[in-house]
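What follows is the residue order along each chain.
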Amino acid sequence: MKGWRFIAQRALGERQILDWEVPLALSTNPKRALSGPGQMAGTIDPEYARMIGTDGRPILQEWGTKLYLEIDGWIRWGGIVTDIGYEGPKMTVTCEGLSSYLHGTPFEDRLVSGELIDPKDKWAGKDKNHDGYIDGSQPRRKIPPAGKPYTGPRIDAYDAFRAIWDHVQSRPYGNIGVQIDGHQLGEKLGSPDGKDPWRLEWWDNPDCGQAIDNLAKELPFDWLETHRWADPEGTEIEHRIRLGKPRLGRKREDLRFADGENIIEPATPKNMADEFANEVVILGAGEGRRMKRAQVHAFDGRLRRVATVTDKTLKSDRALRTRGEQELAGRTMGVQVPMIQILDHPNARFGSWSLGDDIRVQLHVPWIGDVDVWHRIVGDEISADGTCTLELKRSDSFHY
């Protein structure tokens, strides 16, 4: 673990560094996830007296401590301590990425995009005798026709994403210091005719974490939690959510991942035939005849095979169709390599890739032969033994 250290910091307040060398032994490798919080777990054994801060509080405290893994001066993982357990003299520590804080946190406001608005009738009650004229008008004036309903303001999806984060961090004891990219997606929520508005309203008791997950799935787009030193002295840590339009990452023709070179352990490739479907039915919000439904197909000369997917969070026609196209793309492909374990190698140095990148995976598979397929990196785990595991999905299984 040369060049490794675990750093503890208070989650709130001035966020001072509490310990520069937390004596943590990993039990679960630090994992990052695309459009997810990631996780890490470890143990401390035996009991250390110095694990009490100068303020008298434990250095490691559930929902009170941020914990980072720094490797050779770079912060490779960051999150918050979410669970602590004790087994005799051993302390078990579980951490999740900062974005996990949104899960279980209610949205206590109202956010609506594309709502159909009935204009207020300023002449209401001005024709008590129902003769069609304004009461008492001289000369007599007819009641003007009522205004037509119109579609209210529509907001960009990224603005809604930021609004949810801003709401959480504006609450008392809720600011965990996460900054969000400021650009626009270019996709407005809700339908232009106001018939299918997008809503997030407190009386429905929405979960903030589920809300941002649904946004990313429906549009779709990628997001990624990142952490880095904000100053040359290495005393301040910056947390940022990167937003991808419509996705993060790029095709990495400058990197090579090959059997016998830097791939040392490929997971057994999965033939997607057992999940094959060339037609997908998506069932969304609603019940009975009012249930939202979409159907997409890509007939390719094989027998019709239908997959049915139910997701009650999908409310708009666009969201249902997007989900259907994604599902279809993932079910019509061939061999997929779910993960590879790699060495730090000139082909692809550790840290040279980003989550969301497309990489070319080349290896030999018994009964199938040589596989040479582009995959996206959707997660990675770095290990103290000098290896890294990349979680992969076929690039052509993504519709966008």
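Cut-offs and rules
Here the residue index of a chain counts from 1 through its sequence in written order. Only residues with pLDDT of at least 70 get local features here, since the model is predicted, and only at 80 or more are side-chain atom pairs given and counted; chain-wide, interface and lining totals rely on the full set of residues. The basis for every side-chain value is the complete set of heavy atoms in the structure, and neither hydrogens nor water enter the calculation. Think of a salt bridge as a Lys or Arg side-chain nitrogen and an Asp or Glu carboxyl oxygen that are within 4 Å of each other. Here, strands pair whenever DSSP counts at least two bridges between them. Secondary structure elements are taken from DSSP: a helix is a run of H or I of four residues or more, a strand is a run of E of two residues or more, and numbering for both begins at the N terminus. As a rule, the C-alpha atoms of each element are fitted with a line to give its axis, helices using only the stretch in contact, and angles between N-to-C directions run from 0 to 180 degrees. What makes two residues a contact is simply this: any of their non-hydrogen atoms within 4.5 Å. In this analysis, rings of Phe, Tyr and Trp, with Trp reduced to its six-membered ring, are considered paired at centre separations within 6.5 Å, and the interplanar angle assigns stacked below 30 degrees, edge-to-face beyond 60, and tilted for intermediate values. Each residue's exposure class comes from its accessible area (1.4 Å probe, protein chains only) as a fraction of the maximum for that residue type: buried when under 20%, exposed when over 50%, partly exposed otherwise. Lysine and arginine charges are scored as sitting over a ring when NZ or CZ, respectively, is within 6 Å of the ring centre and within 35 degrees of the ring normal. Each nonpolar core is a collection of buried residues, namely Ala, Val, Leu, Ile, Met, Phe, Trp, Tyr and Cys, held together in the definition by side-chain atoms within 4.5 Å. Think of a polar contact as two N or O atoms within 3.5 Å of one another; within protein, one of them needs to be a possible hydrogen donor and the other a possible acceptor, and neighboring residues in sequence only count if both atoms come from side chains.

Enquirer: Where do I start with the pattern of salt bridges in this structure?
Expert: Proximity of charged atoms lets side chains of opposite charge pair with each other. Applying the stated rule across the entire model yields 25 salt bridges. If you follow the salt bridges from partner to partner, you end up with Arg-110, Glu-115, Arg-199 and Glu-201 in one network.

Enquirer: Mind showing me how you'd approach the pairing of strand β3 (residues 25–33) here?
Expert: Each regular strand carries side chains that alternate between the two faces of the sheet. When β3 meets strand β4 (residues 39–44), the two strands line up antiparallel, connected through four bridges. Bridge pairing in β4 links Leu-26 to Gly-42. The hairpin formed by β3 and β4 contains five residues between the paired strands, and Ser-35 there has a positive phi angle of roughly 60 degrees. The pairing of β3 with strand β24 (residues 369–382) spans three bridges and is classified as antiparallel. Paired with Ala-33 across the two strands is Gly-379, which belongs to β24.

Enquirer: It is not clear to me how the sheet that holds strand β13 (residues 222–229) should be interpreted in this structure. Could you clarify?
Expert: Taken in spatial order, the three strands of this open sheet run β11-β14-β13, and their pairing is mixed. In this open sheet, the two strands that pair with only one neighbour each are β11 (178–180) and β13. Between one strand and the next, the sheet's axes are offset by a mean angle of 25 degrees, whatever the strand orientation. The sheet strands contacting helix α1 (residues 157–170) are β11, β13 and β14 (237–244), and the helix crosses β14 at an angle near 150 degrees.

Enquirer: Help me understand the packing of aromatic side chains, please; the structure alone is not making it clear to me.
Expert: Two measures describe an aromatic ring pair: the distance that separates the ring centres and the angle between the ring planes. On inspection of all chains with the given rule, the structure shows eight aromatic pairs. Between Tyr-158 and Phe-221, the aromatic rings sit 5.0 Å apart at their centres with planes inclined by 85 degrees, giving edge-to-face as the arrangement. In this pair, Tyr-158 sits in helix α1 while Phe-221 sits in the loop between α2 (208–218) and β13, placing the two residues 63 residues apart along the sequence. For the residue pair Tyr-158 and Phe-221, the accessibility class agrees, reading buried in each case. Its end group placed over the ring of Trp-374, Lys-251 keeps NZ or CZ at 4.6 Å from the ring centre.

Enquirer: Explain the nonpolar core to me, please; I cannot follow it from the model alone.
Expert: The nonpolar side chains of soluble globular proteins are, as a tendency, buried together. In terms of nonpolar packing, the biggest core is built from 30 residues, with Phe-161, Ile-164, Trp-165, Leu-215 and Phe-221 touching the most fellow members. For this core, the secondary structure elements donating two or more residues are α1, β11, β12 (198–201), α2 and β14. If you tally residues by element for this core, the top one is α1, at seven residues. Formed by 25 residues, the second largest nonpolar core is a distinct cluster that contains Leu-248, Leu-255, Ala-348 and Trp-353.

Enquirer: What am I meant to see in unusual backbone geometry here?
Expert: With omega at 5 degrees, the peptide bond leading from Asp-45 into Pro-46 counts as cis. Residue position: Pro-46 is located in the loop between β4 and β5 (65–71). The omega torsion of the bond from Leu-219 to Pro-220 falls at -10 degrees, within 30 degrees of zero and hence cis. Checked against the element boundaries, Pro-220 lands in the loop between α2 and β13.

Enquirer: Mind showing me how you'd approach the environment of Gly-152 here?
Expert: Mapped onto the secondary structure, Gly-152 falls in the loop between β10 (150–151) and α1. Residue class for Gly-152 comes out buried when judged on its relative accessible area of 9%. A C-alpha to C-alpha distance of 9.5 Å links Gly-152 and Asp-193, two positions 41 residues apart in sequence. Not counting residues up to four positions away in its chain, the partners in contact with Gly-152 are Gly-114, Glu-115 and Ile-117.

Enquirer: Would you explain the sheet that holds strand β20 (residues 306–310) in this entry?
Expert: Within a sheet, adjacent strands bond to each other through the backbone by hydrogen bonds, running parallel or antiparallel. Taken in spatial order, the three strands line up as β19-β18-β20 in an open sheet, and their pairing is mixed. In the strand order of this sheet, the two ends are held by β19 (293–297) and β20, each with one partner. For this sheet, the mean angle separating the axes of adjacent strands, direction not counted, is 15 degrees. The sheet contact formed by strand β18 (residues 279–283) and β20 spans five bridges and is parallel. Paired with Leu-283 across the two strands is Thr-310, which belongs to β20. Contacting β18, β19 and β20, helix α3 (residues 317–331) runs over the sheet at an angle of about 35 degrees to β19.

Enquirer: Hey, could you run me through the environment of Asp-358 in this one?
Expert: Mapped onto the elements of the fold, Asp-358 is located in strand β23 (residues 358–365). Residues Asp-358 and Arg-394, spaced 36 residues apart in sequence, show a C-alpha to C-alpha distance of 8.8 Å. If we skip the residues at most four places from it in the chain, Asp-358 touches Arg-247, Arg-250, Lys-251, Arg-252, Trp-374, His-375, Arg-376 and Ser-395. Among the polar contacts listed, one links the side chain of Asp-358 to the side chain of Arg-247, at a separation of 2.6 Å. There is a polar contact of 2.5 Å between the side chain of Asp-358 and the side chain of Ser-395.

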